[in-house]
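Letter by letter, the chains look like this.
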Number of protein chains: 2
Amino acid sequence: MTRVTCIAPVNIAVIKYWGKRNETLILPLNDSISTTLCTHDLCAKTSVMASPEFTEDRIWLNGREESIKNPRLKNCLLQIRRVARDQTPNVIPESWHVHICSENNFPTAAGLASSAAGYACLVATLAQLYGVSGDVSAIARQGSGSACRSMLGGFVRWHKGVEESGSDSIATQIAPASHWPELRILVLVVSDHKKKTSSTIGMQNSVATSELLNYRAHQVVPGRVKKMEKAIMEKDFTQFAEITMRDSNQFHAVALDTYPPAVYMNDTSHSIVNLIHKFNAAHGQIKVAYTFDAGPNACLYMLESEVPEVVGLIDWAFPAKDMKINVLRGLQTERNVPKESLTGKLEMQPLSAGMLQYLILTKVGDGPQKLEGDFVHLLDKSGQPVKKA
Amino acid sequence: MTRVTCIAPVNIAVIKYWGKRNETLILPLNDSISTTLCTHDLCAKTSVMASPEFTEDRIWLNGREESIKNPRLKNCLLQIRRVARDQTPNVIPESWHVHICSENNFPTAAGLASSAAGYACLVATLAQLYGVSGDVSAIARQGSGSACRSMLGGFVRWHKGVEESGSDSIATQIAPASHWPELRILVLVVSDHKKKTSSTIGMQNSVATSELLNYRAHQVVPGRVKKMEKAIMEKDFTQFAEITMRDSNQFHAVALDTYPPAVYMNDTSHSIVNLIHKFNAAHGQIKVAYTFDAGPNACLYMLESEVPEVVGLIDWAFPAKDMKINVLRGLQTERNVPKESLTGKLEMQPLSAGMLQYLILTKVGDGPQKLEGDFVHLLDKSGQPVKKA
């Protein structure tokens, strides 16, 4: 009986992944770049246990047992076992089944690419269990494309690769989290009632119908990836921020160019975009960048020194429902009520209350980590999910 | 003393104009195609009078005197006078000034490209006054790009042209209104509180910053223009509708790819898009097409036979504020309350009441027309705006 528990981070792309060239292997049309968020504030946690007593592989996700027959899940398990057979045949006998239990420490409703953290955590935990070493980001990629970026901390590049097998479509670290410790990420969780378009479906439709997608993937992104790597290495926030905003907009443009269109941002999202551009213009420099994934929530990038002003600005522009300040999870901060000399320049009025659900403040962090101790596991010693108090 | 009054139509592009290659001459990056709407339901009306008594050129727009120094306005006047000097030097002496009075028969707030109808009407009326003949769409174009398309009825193509002077950037008729009399246009005027981004500014920003715009203009639009002309000539509604929707989406995609992004559609606009795709899917064929200009209002194209079902559908999905049916201007129609067998397939609930202001139902119509009679004019015999009762 062996039991292993890991946590793995969420990542937020600054150069977006949108479109696969191979659906089965999950090979992307273009490179992408992300920052890995600190697991203190947002993470997936997975416990895996192998035992000769288990009669089948089983999985529990966020408290509910799910089918192990999900092809992406099965594939990750299969591939880790295949590597283990070559590398570490004596660690876990091939005939043993596994129990997997996984959960996020943030609501799935937050729309924060929970599948990326989830698959990264699954693969990292299985790799620990089977004693597999070396790069397993290509296995995580086959669970959920962007999961490969959550296998590393700091600033991460997912290379599209050129091999048909996908063996070179892996994640590499541009710089560790410690390279740019001043960077902060403020997530604005937007209220939304719209039924979500799955990003898998939206992406497939874009590849099939958007004439702009190929141009973006092949003609625009390569240049942006180079500039973004340079901006990160030089800690050039202005460049970092501008490319991030442009690339978020272009990703949503391509989604809109899809037939039928895939629309992820809503009116509140666009109000956030407008606010950030007006705020930067009022300061005469780019102090904040926004980026949006396949959902209405904004991720704002800024330097630590700007956080109190920006959180105060958000409270002003997007007042909480009871007119108190917005709930802030993660890192805590002071809030500076914006001066009239600033708000006068924004050319906008505060929106009606309740457009945001809450905020999460975090920073760039490390990759997956193995947890030690008797009380860290989500599975008990018999391999059943631990009952919560 | 000579007094002339004309009306001119609104046009709705099905292949969009977005981006100039020459700001002064208003030369577009790509060809565009539009339908001209019937002037019974929507039009601009302009009276022009020339007199030796007038001490200066003056203009009144929608009841208010405006500066004649607007460069686009001055330019239209200058060019008509230049043509007149060559063609018809004896009709109006060069030293006479003109008074111009213009209004729309629809609220400007409807966001229906009122400047296109307005400049078309101005140039058509001036051409009548000065007795100028031949194509003057290139002059209207210099007032407002898409105004050149309102100089003709039916289905109209604005050729981007290749000459530096812009002399070949003119509008031509693909087919008259009588070619496809079954076509109907239903305008949904959407409630919106957002400050509008001017399309002139948005377009300039797109040309300066969108990497996707050039690809669209040079690689995508030429093929669409060919297919659209063919669809119109063959009265192939399916093709006409699909290209219309794809091109509307791509125009808004390019606007979103702009830095800062130009966002014209709002959540209600996107709900309309979603409804139309679901409605078409439920029927297994494209019965309705949407298109959006630089604002949140939808223009729906359909055949006459579909109008009662579509208006009923709109009443269901976008109930009026007092839960009565939506106000309908223009052509009148029956409304078929949608069957549950249909609404069950739409995968959506009706939106909260009051998302639409009103509807306008119209058809394809003719170009500018000169009005005859003593009571048609907006200027009295002394050249002052007629006072309304």
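Residues numbered from 1 in each chain as written. Chains lettered and ligands numbered in written order. Predicted model: local features only at pLDDT ≥ 70, side-chain atom pairs only at ≥ 80, totals over all residues. Heavy atoms only, no water.

### Observations concerning the sheet that holds strand S5 (residues 32-36) of chain B
Two orientations exist for strands paired in a sheet by backbone hydrogen bonds: parallel and antiparallel.
Residue and element names in this part refer to chain B.
Phase 1: Spatially, the four strands line up as an open sheet ordered S2-S5-S10-S11, and their pairing is antiparallel. One side of each edge strand has no neighbouring strand; the edge strands of this open sheet are strand S2 (11-15) and strand S11 (171-175). Averaged over all neighbouring strand pairs, the angle between strand axes comes to 35 degrees, with direction disregarded.
Phase 2: Where strand S10 (residues 155-158) meets S11, four bridges bridge the pair, whose relative direction is antiparallel. Bridging from a neighbouring strand, Phe155 pairs with Ala175 of S11. (Pairing = 2+ DSSP bridges. Helix = DSSP H or I, 4+ residues; strand = E, 2+ residues; numbered from the N terminus. Axes fitted to C-alpha atoms, helices over the stretch in contact; angles between N-to-C directions.)

### Regarding the nonpolar core
Phase 1: Residues Leu186(B), Phe240(B), Ile272(B), Leu300(B) and Ile314(B) are the most contacted members of the largest nonpolar core, which totals 99 residues.
Phase 2: The element contributing the most residues to this core is helix H2 (residues 114-130) of chain B, with 11 residues.
Phase 3: Once residues lying within four places of it in the same chain are set aside, the contact partners of Leu186(B) are Ala298(B), Cys299(B), Leu300(B), Met302(B), Val310(B), Val311(B), Ile314(B), Leu328(B), Leu359(B), Ile360(B) and Leu361(B).
Phase 4: Grouped together as the second largest cluster of nonpolar side chains are 98 residues, Ile33(A), Leu42(A), Ala44(A) and Ile174(A) included. (Core = buried A, V, L, I, M, F, W, Y, C linked by side-chain atoms within 4.5 Å. Buried < 20%, exposed > 50% of the residue type's maximum accessible area, 1.4 Å probe, protein only. Contact = heavy atoms within 4.5 Å.)

### Structural notes on the relation of the copies chain A and chain B
Phase 1: Of the transformation placing chain A onto chain B, the axial shift is 0.0 Å and the rotation is 180 degrees, giving an RMSD of 0.0 Å. Classification of the inter-copy transformation places it as that of a two-fold axis. In terms of C-alpha distance to the rotation axis, chain A has Ala253(A) as its closest residue, with the C-alpha 2.0 Å off the axis. (Least-squares fit on C-alpha atoms with pLDDT ≥ 70 in both.)

### Structural notes on the interface of chain A and chain B
When the parts of a complex come together, some accessible area is lost, and that lost area is often taken as the interface size.
Phase 1: On the side of chain B, 31 residues touch chain A, which itself brings 31 residues to the contact.
Phase 2: Of the roughly 2700 Å² buried where chain A meets chain B, counting both sides, 62% is carbon and sulfur surface.
Phase 3: The residue Arg224(A) makes a salt bridge to Glu211(B) at a minimum N-O spacing of 3.5 Å.
Phase 4: Seen at the junction of chain A and chain B, the total is seven residue pairs in polar contact (both at pLDDT 80 or more).
Phase 5: The biggest single contributor to the side of chain A that touches chain B is helix H6 (residues 237-256) of chain A, with nine residues. (Buried area = accessible area lost by both parts, 1.4 Å probe. Salt bridge = Lys/Arg side-chain N within 4 Å of Asp/Glu carboxyl O. Polar contact = N/O pair within 3.5 Å; in protein donor to acceptor, adjacent residues only side chain to side chain.)

### Considerations on helix H5 (residues 211-233) of chain A
All names here are of chain A.
Phase 1: Spanning 23 residues, H5 covers 33 Å between terminal C-alpha atoms, matching the ideal 33 Å at 1.5 Å per step.
Phase 2: At Val221, H5 is bent by approximately 45 degrees, the largest bend along its length, and proline Pro222 sits one to four residues beyond.
Phase 3: Residues of H5 that are buried: Leu212, Leu213, Arg216, Ala217, Val220, Val221, Arg224, Val225, Met228, Ala231 and Ile232.
Phase 4: Of the residues flanking the start of H5, the one acting as N-cap is Ser210, its side-chain oxygen 3.2 Å from the backbone nitrogen of Leu212. (Expected span 1.5 Å × (residues − 1). Bend = angle between axes of the 7 residues up to and from the residue.)

### Brief notes about the pattern of salt bridges
Phase 1: Tallying each qualifying case throughout the model produces 32 salt bridges over all chains.
Phase 2: A salt bridge links Glu229(A) to Arg157(A), with the shortest nitrogen-to-oxygen separation between them at 3.1 Å. Note that Glu229(A) is positioned in helix H5 and Arg157(A) in strand S10 (residues 155-158), a separation of 72 residues in sequence.
Phase 3: Judged by relative accessible area, Glu229(A) falls into the partly exposed class, the value being 24%.
Phase 4: The exposure class assigned to Arg157(A) is buried, which follows from its relative accessible area of 19%.
Phase 5: Two residues, Lys230(A) and Glu234(A), come together in a salt bridge whose shortest N-O distance is 3.6 Å.
Phase 6: Counted as one network, the salt bridges with shared partners bring together Glu211(A), Arg216(B), Arg224(B) and Asp247(B).

### Observations regarding the packing of helix H7 (residues 267-283) of chain A against helix H8 (residues 307-317) of chain A
All names here are of chain A.
Phase 1: It is the contact of H7 with H8, at a shortest axis distance of 12 Å, that shows an interaxial angle of 130 degrees. It follows from the interaxial angle that H7 and H8 lie oblique. As for the relative orientation of H7 and H8, their crossing is right-handed in sense. Seen from H7, the contacting residues are Leu275, Phe279 and His283; seen from H8, they are Glu309, Val310, Leu313, Ile314 and Ala317.
Phase 2: In the contact of H7 with H8, the residues fall into six nonpolar, one polar and one charged. (Parallel < 35°, antiparallel > 145°, perpendicular 65-115°, else oblique. Left-handed = near helix turned anticlockwise from the far one by under 90°. Nonpolar A, V, L, I, M, F, W, Y, C, P; charged D, E, K, R; others polar.)

### Considerations on the domain arrangement of chain A
Residue and element names in this part refer to chain A.
Phase 1: What the domain assignment lists for chain A is domain 1 (2-177) and domain 2 (183-363).
Phase 2: If you average the C-alpha positions of domain 1 and of domain 2, the two centres end up 26 Å apart.
Phase 3: Contact residues are listed per partner, giving 29 residues for domain 1 and 45 residues for domain 2.
Phase 4: Taken together, both faces of the contact between domain 1 and domain 2 bury some 3100 Å²; the carbon and sulfur share is 68%.
Phase 5: The largest share of the area that domain 1 buries against domain 2 comes from Val14, Lys16 and Trp18, three residues that together contribute 28% of it.
Phase 6: One can count two salt bridges joining domain 1 with domain 2.
Phase 7: Notably, a salt bridge pairs Asp293 with Lys16, separated by 2.6 Å at the nearest N-O pair.
Phase 8: Here domain 1 and domain 2 share 12 residue pairs in polar contact (both at pLDDT 80 or more) between them.
Phase 9: Broken down by secondary-structure element, the contributors of at least two residues to the side of domain 1 that touches domain 2 are strand S2 (11-15), strand S5 (32-36), S10 and strand S11 (171-175).
Phase 10: Ranked by residue count, the leading element in the side of domain 1 that touches domain 2 is S2, at four residues.
Phase 11: Of the residues belonging to the side of domain 1 that touches domain 2, the class tally is 17 nonpolar, five polar and seven charged. (Domains from an automatic or database assignment.)

### Notes on the side chain of His252(B)
Phase 1: Mapped onto the elements of the fold, His252(B) is located in helix H6 (residues 237-256).
Phase 2: Among the residues examined, His252(B) registers a relative accessible area of 4% and is labelled buried.
Phase 3: Excluding anything up to four places from it in sequence, His252(B) contacts Leu256(A), Tyr264(B), Met265(B), Phe292(B) and Asp293(B).

### Details of empty space enclosed by the protein
Phase 1: Across all of its chains, the model carries four cavities of 30 Å³ or more by this definition.
Phase 2: Lining the largest cavity are 15 residues, with Leu256(A), His270(A), Leu256(B), Val263(B) and His270(B) sitting closest to its centre.
Phase 3: Counting residues per element, the ones that place at least two in the lining of the largest cavity are H6 of chain A together with H6 of chain B.
Phase 4: A per-element tally of the lining of the largest cavity places H6(A) first, with three residues.
Phase 5: When its residues are assigned to classes, the lining of the largest cavity shows 11 nonpolar, four polar and no charged. (1 Å grid on protein atoms, 1.4 Å probe; cavity = no way out; pocket = protein on both sides within 12 Å on 5 of 7 lines; lining within 4 Å. Points joined across faces, edges and corners; volume = space filled by probe spheres on them.)

### What to know about helix H2 (residues 114-130) of chain A
Residue and element names in this part refer to chain A.
Phase 1: Taking 1.5 Å per residue as the helical rise, H2 with its 17 residues ought to reach 24 Å, and the 24 Å between its terminal C-alpha atoms agrees with that figure.
Phase 2: Counting buried residues in H2 gives 15 out of 17 residues, a clear majority hidden from the surface.
Phase 3: The first or second residue beyond H2 is Gly131, which carries a positive phi of 70 degrees.

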